[in-house]
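# Analysis of the macromolecular model
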Amino acid sequence: MAEEKLNDIEIFGRKIFFINPAYAVRNDIIKDLQNKEYEIYVIDNYHEAKNLLRLNQNSLLFINVDAQLPVSSWYNYIRSYEKEEVLRTIHITIMSERIKQSDRILFENAPE
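Cut-offs applied
Residues numbered from 1 in each chain as written. Predicted model: local features only at pLDDT ≥ 70, side-chain atom pairs only at ≥ 80, totals over all residues. Heavy atoms only, no water. Helix = DSSP H or I, 4+ residues; strand = E, 2+ residues; numbered from the N terminus. Buried < 20%, exposed > 50% of the residue type's maximum accessible area, 1.4 Å probe, protein only. Salt bridge = Lys/Arg side-chain N within 4 Å of Asp/Glu carboxyl O. Contact = heavy atoms within 4.5 Å. Pairing = 2+ DSSP bridges. Right-handed = clockwise from strand over helix to strand, strands pointing away. Polar contact = N/O pair within 3.5 Å; in protein donor to acceptor, adjacent residues only side chain to side chain. Axes fitted to C-alpha atoms, helices over the stretch in contact; angles between N-to-C directions.

### A closer look at the environment of D103
By secondary structure assignment, the location of D103 is in helix α4 (residues 101–108). Note on D103: relative accessible area 18%, which makes it buried.

### A closer look at the pattern of salt bridges
Where charged atoms from two side chains of opposite charge come close, those side chains can pair. Enumeration over the complete set of coordinates arrives at six salt bridges. The shortest N-O distance in the salt bridge between R26 and D44 comes to 2.3 Å. Of this pair, R26 sits in helix α1 (residues 23–35) while D44 sits in the loop between β2 (40–43) and α2 (49–54); the two residues are 18 residues apart in sequence, bridging distant segments of the chain. Note that K36 and D32 form a salt bridge whose closest N and O atoms lie 3.4 Å from each other.

### Here we look at the environment of S59
Within the fold, S59 resides in the loop between α2 and β3 (60–64). According to the relative accessible area criterion, S59 is buried, its value standing at 1%. Residues S59 and H91, 32 residues apart in the sequence, show an inter-C-alpha distance of 6.3 Å. Not counting residues up to four positions away in its chain, the partners in contact with S59 are K15, F17, L53, T89, I90 and H91.

### Observations concerning the pairing of β3
The buried fraction of β3 is high, at five of five residues. Here β3 shows two buried faces, one formed by L60, F62 and N64 and the other by L61 and I63. In terms of strand pairing, strand β1 (residues 16–19) meets β3 through four bridges, oriented parallel. Residue F18 lies in a different strand from β3, and its bridge partner there is F62. Chirality of the crossover, the property in question, places the unit of β3, helix α3 (residues 71–79) and strand β4 (residues 91–95) among those that are right-handed.

### Digging into the side chain of T89
Relative to the elements of secondary structure, T89 occurs in the loop between α3 and β4. A distance of 2.7 Å separates a polar atom in the side chain of T89 from the backbone oxygen of V86. If we ignore the near neighbours within four places in the chain, the residues touching T89 are Q57, N58 and S59.

### Describing the sheet that holds β1
Across the sheet, which stays open at both edges, the four strands sit in the order β2-β1-β3-β4 with parallel pairing between neighbours. Here the strands that pair on one side only, and so sit at the sheet edges, are β2 and β4. With direction set aside, neighbouring strand axes in the sheet form an average angle of 20 degrees. As paired strands, β3 and β4 are joined by five bridges and run parallel to one another. Each bridged residue has a counterpart across the sheet, and for N64 the counterpart in β4 is M95. On top of the sheet, α3 reaches β1, β3 and β4; it is set at about 165 degrees to β3, its chief contact.

Written as structure tokens, this is what we have:
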């Protein structure tokens, strides 16, 4: 899993995927990116994500960890990307409107 800061990643020319985007993200951020002609894809069911991302190496993936799974399961899901070389090229960022500090630390202290 690529764990670079988003500021250090060139986004031009990359496909951008969102899993479970919150309402505000859908209506503001995604629409704004689409208006700027970025290639955006919304994945409503995380089960579909890996198959799509295997076909789109070096993409950006934003995951809303507030829906579908408990935070600990999201952590394990994200870590599973390290097991496949193709999925290790995906730049993953988590998004949350209500993550607890203890859960935030889980992601921040994840081994590289």
